[in-house]
Amino acid sequence: MPDAPLLALRGLKASIGPFRILEGVDLELREGETLVLLGRNGAGKTTTLRSIMGFVEAVDGSIELDGEAISGLSVDRVARRGVGYVPEDRGIFSTLTVEENLRVAAPPGPVWERVLDSFPVVRERLGARAGELSGGQQQMLAVARALLREPRLLLLDEPSTGLAPAVITELVETLRALQSGMTLLLVEQNLSVARQLGQRFTILEEGRTVASGPMRELTDDSSLTERFLALGGAEQRA
Amino acid sequence: MDGGTAVTLFLNGLALGAILFLLASGLTLIFGLLDFVNFAHGAFFMVGAYVFAAIAAEGGSIALAFAVAIAGGAAGGFVLERVLLRRAYGNELHQFLLTLGLGLIITEIVRIIAGPNFQAVRELEYLGGNVSVLGGSVQEYRLFLIALGVAVFLGMLYVLRRTRIGLIVRAGVEDPSMVEALGTNVRRGFSIMFAVGTALALLAGAAAAPYYGGAGPALGEEQIVLAFVIAVVGGLGSYLGSALAAVSVGLLSSYAAFYWEPGASLVPVLLMALVLLLRPQGLIPQAGARI
Amino acid sequence: MRARGAALGWPAVAGVAGALVVAAAVPFWFSSYWVTVGIDVCVFAILGVSYNLLLGRIGLFSLGHALLFGIAGYMVANLTARSGLPLLPAAVVAVVASAAVAAVTGLVAAGVRGIYFAMMTLAFAQVGFVLAETDAAGFSGGEDGLAMSGIPELININVRQDALYWLALGTLVVVLVVVAVIRASAAGRLWNAVRENDVRAAALGIDVRRQRVVAYSVAGALAGVAGVLFALSVQTVTPSTMSVGITVQALLITVIGGTGTFWGPVVGALFVRTSTPLLDELADTGFVQDMSAPLERAVTSQPLVLGVLYILFVLFLPAGVVGAAAQVRRRFSRAPA
């Protein structure tokens with residue numbers, strides 16, 4: 001018997017100011033799964049994540065975490081319900097040290113040991129000012145920090161943006177080691193990363209869900225990539 | 001200028017710097033964390049001066065005056081934020097208009113209650129004498145001011161650097177949304193931050209009363225400019241910056257006034273204009289602040 | 001499009017014409033004291049129009065408007081009293097001076113965010129005020145002020161008030177026409193766009209900085225006109241013309257009248273500047289005399305009463321008196337708004 005989804009979005013509509021961004025997003029994420037959210041620029045992927053988190057208010061539709069509605073809750077409440085968030089710009093507190101960044105999430109304890117074991121790069125540079133880290137190191141810090149709160153659901157917005165290929169590989173490996181015990185909602189433009197990490201996918205176009213399914217469908221059926229994702233072949237580097 | 005005068009001017013400048021630091025640190029804290037511009041800050045300063053004049057002017061307890069100023073400021077600031085000011089979050093023009101009006105009303109109420117004249121602070125029971133330091137003569141109270149300024153500075157530094165609240169404040173100044181995404185309600189802290197900022201303004205006023213010789217309704221108007229100058233020069237939202245700027249302005253004003261009386265008023269203003277033109281982010285730029 | 005008398009229909013034009021006739025007839029019906037008040041209302045209405053142009057049109061919040069007002073006053077006083085220039089050329093130079101100071105301030109400060117602009121204007125005004133008070137630059141005569149000379153007997157307020165009143169009223173009408181033209185022009189629309197969203201305006205290709213400098217210069221010129229008229233009416237220019245108090249008056253007038261509306265500054269000036277004499281009359285009534293002393297002072301204190309009103313307007317009626325009246329009118333007329 002299939003479990004009820006951990007996260008369910010139904011008919012989600014959301015606006016930013018006068019602009020309607022989401023016109024009806026449907027999404028289901030089961031516990032332990034990694035779902036990749038795909039789509040062109042401006043399709044509404046980031047807005048979807050931000051709506052789940054509570055930064056953007058839903059105009060219509062529902063957001064349910066483990067069967068409970070969370071749309072309308074304040075951001076900190078959503079976070080305390082077990083949703084973690086790593087935004088596209090990483091959200092690092094650059095004037096604080098790496099250790100202080102981690103402390104904002106949670107005071108030092110056994111969780112730190114576990115998480116830092118998976119992120120040796122972060123452990124090495126605890127005393128450094130976060131603003132001085134490289135892009136890849138900052139990304140690791142952002143993910144480690146989010147994990148310190150032991151979230152049930154982790155939202156990652158384009159973690160591979162701006163990173164060198166070697167760094168991306170390292171990031172993917174780190175995430176793969178972690179994902180078996182976690183539920184991940186990943187937004188990615190990089191199809192290679194998407195394919196390596198994702199078990200299922202959902203494609204957004206103009207604020208709507210237009211396609212959904214297991215990842216193998218995306219690899220097998222190139223018509224989907226062409227119709228909804230291709231932007232002159234730039235994303236085909238895989 | 002002989003050595004003794006130089007020393008006196010130096011110490012007087014530091015004392016003035018201490019007052020300015022107390023005043024500006026509240027402002028910069030509120031602006032840095034809450035992104036809120038408070039034009040009533042000068043009026044709070046004035047109220048603090050009147051508190052001192054009412055309690056300690058005729059030889060009453062200085063400590064009591066300070067305590068009342070701090071407590072009153074904290075309570076008043078907390079209530080004001082809750083009731084009135086949080087309506088203006090996110091709308092800068094609204095903040096300007098609202099807090100300006102608030103400042104006007106507070107000033108006028110004080111003027112009505114206490115009368116329009118300057119209330120002189122007469123002989124202080126303690127710290128009233130003069131002391132000779134390195135050839136220069138300086139009032140004991142001014143040395144006390146310097147000590148007070150340093151104490152508050154170190155105290156707040158400790159809170160900011162070593163406590164969780166301080167950590168949240170520093171992170172929140174840079175990116176309040178991210179702090180929320182990490183599970184901490186920043187908004188609830190706003191009332192507290194506003195209370196702290198207001199308490200600092202009242203403390204500054206109380207501490208400044210003997211320095212200026214008393215309390216008057218115009219005190220707030222003059223000081224609000226200075227407070228903003230310090231905050232801007234130091235870097236809006238930067239705690240260290242406001243300390244540095246306050247000391248600089250205090251010293252510069254003290255020396256400038258020796259040569260040319262209007263200098264005391266002109267120097268800070270010219271400094272601010274220069275900073276805004278050449279380095280608008282201030283001496284110690286604050287990450288996350290928008291120019 | 002809200003040009004003057006946007007409903008260029010009968011009622012609006014008749015109303016304006018009627019009001020103008022009534023206003024012009026004031027010296028015939030009222031004592032010289034009230035005529036003087038009328039002059040004051042006109043002067044501050046012009047100042048309010050100038051401030052409204054900044055706050056309500058181009059969206060600049062200035063804390064130093066007094067500088068532009070006072071500079072014109074000191075300029076005209078200096079030129080007539082010390083340089084012997086006749087009144088009219090001196091007045092023109094004074095207005096140009098205000099516009100120039102505004103232009104310079106604008107060039108320096110127009111590119112920065114609201115709070116910094118406000119601080120800059122406040123700083124400059126403070127400099128002006130200190131220089132005026134201490135006469136450090138030699139142009140102000142210190143705290144006692146500088147007296148004008150060369151005022152023709154016709155508009156010498158000590159001799160007769162009506163001619164000066166009509167001059168002030170006429171100037172106000174001219175100023176209002178100028179502003180109406182601006183509002184209807186392309187520049188006016190550009191300024192609106194800048195006020196609403198300067199980032200988007202810039203993205204649309206509008207040179208935001210330049211428009212701000214232009215708007216600020218125009219506002220400066222208008223403030224200068226008010227300053228010259230004020231100097232004529234008080235005959236001795238004092239440092240208070242550059243004080244924060246003047247800027248506060250302009251702000252109160254603009255907000256209470258209705259920021260961004262056409263008639264707002266006029267209504268606001270009427271309100272704010274007659275409040276002091278009216279409150280004085282109130283203080284003499286038995287009703288108020290019977291109150292306890294602090295309460296009596298509170299009720300008759302112009303700054304307090306206006307301050308509270310101002311806050312109420314800011315919180316609940318941001319459209320000011322004029323805006324609120326428009327809303328009421330819309331509610332009662334069934335015509336589509």
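Residues numbered from 1 in each chain as written. Chains lettered and ligands numbered in written order. Predicted model: local features only at pLDDT ≥ 70, side-chain atom pairs only at ≥ 80, totals over all residues.

**With respect to the overall build of chain A**
Each helix and strand in chain A was counted, giving ten helices and ten strands. By the compact-globule yardstick of 18 Å for 238 residues, chain A fits well, its C-alpha radius of gyration being 17 Å. Each principal axis of the C-alpha distribution contributes one length, and for chain A these read about 45 × 45 × 40 Å. Buried residues in chain A amount to 42% of all 238 residues. When contacts within chain A are restricted to residue pairs at least 6 apart in sequence, long-range pairs at least 24 apart make up 69% of them. (Helix = DSSP H or I, 4+ residues; strand = E, 2+ residues; numbered from the N terminus. Rg over C-alpha atoms; globule rule 2.2 N^0.38 Å. Buried ≥ 20, exposed ≤ 12 C-beta atoms within 10 Å, placed from the backbone. Contact = placed C-beta atoms within 7 Å.)

**Brief notes about the overall build of chain C**
A tally of helices and strands in chain C yields 16 helices and two strands. For chain C, the C-alpha radius of gyration of 20 Å lies close to 20 Å, the compact-globule estimate for 337 residues. Reported as C-alpha extents along the three principal axes, the dimensions of chain C are approximately 55 × 55 × 40 Å. A total of 337 residues make up chain C; the buried ones form 48% of that total. Expressed as a percentage of contacts within chain C between residues at least 6 apart in sequence, the contacts between residues at least 24 apart total 77%.

**Here's the deal with unusual backbone geometry**
Residue and element names in this part refer to chain A. A positive phi angle, close to 45°, is found at Glu150, a residue other than glycine. Along the chain, the position of Glu150 falls in the loop between helix H6 (135-147) and strand E7 (153-157). C-beta crowding within 10 Å serves as the criterion here: with 14 such atoms nearby, Glu150 is assigned to the partly exposed category. Residue Glu158 is not a glycine yet carries a positive backbone phi of 45°. As for its placement among the helices and strands, Glu158 is situated in the loop between E7 and helix H7 (165-179). Using a count of 20 C-beta atoms within 10 Å as the deciding quantity, one classes Glu158 as buried.

**Some thoughts on the interface of chain B and chain C**
In many reports, interface size means the accessible area that the parts give up when they come together. Contacts between the two partners involve 31 residues from chain B, matched on the other side by 32 residues from chain C. Of all elements in the fold, only helix H4 (92-114), helix H9 (219-234) and helix H11 (263-278) of chain B reach the threshold of two or more residues within the side of chain B that touches chain C. With 13 residues, H4(B) is the largest single contributor of residues to the side of chain B that touches chain C. Looking at the side of chain B that touches chain C, its residues break down into 23 nonpolar, two polar and six charged. (Nonpolar A, V, L, I, M, F, W, Y, C, P; charged D, E, K, R; others polar.)

**So, the interface of chain A and chain B**
With 17 residues of chain A in contact, the opposing surface of chain B contributes 16 residues. Mapped by element, the contributors of at least two residues to the side of chain A that touches chain B are helix H2 (75-80) and helix H3 (98-105) of chain A. Looking at side-chain class alone, the side of chain A that touches chain B contains nine nonpolar, three polar and five charged residues.

**Describing the confidence of the model for chain C**
Residue and element names in this part refer to chain C. On average, chain C scores 85 in pLDDT, and the residues at 70 or more come to 96%. The element-level mean pLDDT for chain C is lowest in helix H13 (residues 286-289), coming to 72, with helix H10 (residues 208-234) highest at 93. Between residues 1-7, whose pLDDT stays under 50, and residues either more than four places distant or in other chains, the model counts 13 contacts. ipTM for the predicted complex: 0.89, alongside a pTM of 0.79. (pLDDT = per-residue confidence, 0-100.)

**Brief notes about the pairing of strand E10 (residues 208-214) of chain A**
Residue and element names in this part refer to chain A. With six bridges joining them, strand E9 (residues 200-205) and E10 adopt antiparallel strand pairing. Bridged to Phe201 within E10 is Gly213. Following E9, the chain reverses through two residues before pairing antiparallel with E10; Glu206 in that reversal takes a positive phi of roughly 50°. (Pairing = 2+ DSSP bridges.)

**Some details on the packing of helix H5 (residues 140-162) of chain B against helix H6 (residues 164-174) of chain B**
All names here are of chain B. Two elements in contact, H5 and H6, have axes separated by 5 Å at closest approach and are oriented at 80°. Viewed along their axes, H5 and H6 adopt a mutual orientation that is roughly perpendicular. Together, Val159, Leu160, Arg161 and Arg162 of H5 and Ile165, Gly166, Val169 and Arg170 of H6 make up the contact between the two elements. Grouping the constituent residues of the contact of H5 with H6 by class yields four nonpolar, one polar and three charged. (Axes fitted to C-alpha atoms, helices over the stretch in contact; angles between N-to-C directions. Parallel < 35°, antiparallel > 145°, perpendicular 65-115°, else oblique.)

**As for the pairing of strand E8 (residues 183-187) of chain A**
Residue and element names in this part refer to chain A. By the criterion of burial, E8 is predominantly enclosed, with five of the five residues buried. Side chains Thr183, Leu185 and Val187 of E8 all project onto a buried face; the interleaved residues Leu184 and Leu186 project onto the opposite face, where all are buried too. Of the strand pairs in this sheet, strand E3 (residues 34-39) and E8 are connected by four bridges, and their pairing is parallel. Bridging from a neighbouring strand, Val36 pairs with Leu186 of E8. Judged from the five bridges that link them, E7 and E8 form a sheet pairing that is parallel. Pairing of Leu155 across the sheet is with Leu185, part of E8. Between the parallel pair E7 and E8, the chain is carried across by H7, and the sense of this crossover is right-handed. (Right-handed = clockwise from strand over helix to strand, strands pointing away.)

**What about the arrangement of the chains?**
Looking across the two pairs of chains in contact, one finds the most contacts between chains B and C. With no contact between them, chain A and chain C keep their nearest C-alpha atoms 13 Å apart.

**Considerations on the environment of Val249(B)**
All names here are of chain B. Here Val249 lies in helix H10 (residues 239-259). Using a count of 26 C-beta atoms within 10 Å as the deciding quantity, one classes Val249 as buried. Those residues in contact with Val249 that lie beyond four places of it in its chain are Gly17, Leu20, Val229, Ile230, Pro268 and Leu271.

**Focus: the environment of Leu200(B)**
Residue and element names in this part refer to chain B. Among the structural elements, Leu200 can be located in helix H8 (residues 186-212). Note on Leu200: 31 C-beta atoms within 10 Å, which makes it buried. Between the alpha carbons of Leu200 and Leu27 there is a distance of 8.8 Å; along the sequence they are 173 residues apart. Excluding anything up to four places from it in sequence, Leu200 contacts Leu22, Ser25 and Gly26.

**A short note on the packing of helix H3 (residues 32-58) of chain C against helix H12 (residues 264-284) of chain C**
Residues and elements named next belong to chain C. H12 packs onto H3 with a crossing angle of 135° between their chain directions and a minimal axis gap of 8 Å. Taken together, the axes of H3 and H12 are oblique relative to one another. The chirality of how H3 crosses H12 is right-handed. Only Gly264, Pro265, Val266, Gly268, Ala269, Leu270, Arg273, Thr274 and Pro277 of H12 make contact with H3, whose side of the interface consists of Val37, Asp40, Val41, Phe44, Ala45, Gly48, Val49 and Asn52. (Left-handed = near helix turned anticlockwise from the far one by under 90°.)

**Comments concerning helix H7 (residues 162-184) of chain C**
Between the first and last C-alpha of H7(C) there are 33 Å, a value that for 23 residues agrees with the 33 Å anticipated at 1.5 Å per step. Looking at the packing, one finds that the buried side of H7(C) touches helix H1 (10-24), helix H2 (26-29), H3, helix H8 (186-196) and H10 of chain C. (Expected span 1.5 Å × (residues − 1).)

**Describing the environment of Ala69(A)**
Residues and elements named next belong to chain A. Looking at where Ala69 falls in the secondary structure, it is placed in strand E5 (residues 68-69). Once the C-alpha coordinates of Ala69 and Leu7 are considered, the two residues, 62 residues apart in sequence, prove to be 9.8 Å apart. Ignoring anything within four residues of it in the chain, the contact list for Ala69 reads Ser62, Ile63 and Glu64.

**Here we look at the confidence of the model for chain A**
Residues and elements named next belong to chain A. Of all residues in chain A, 94% have pLDDT values of 70 or greater, and the mean over the chain is 88. Looking at the elements of chain A, mean pLDDT is at its lowest for helix H10 (residues 222-229), recorded as 71, and at its highest for strand E6 (residues 83-86), recorded as 96. With pLDDT under 50 throughout, residues 232-238 is counted as low confidence; its partners more than four residues away or in other chains account for six contacts.

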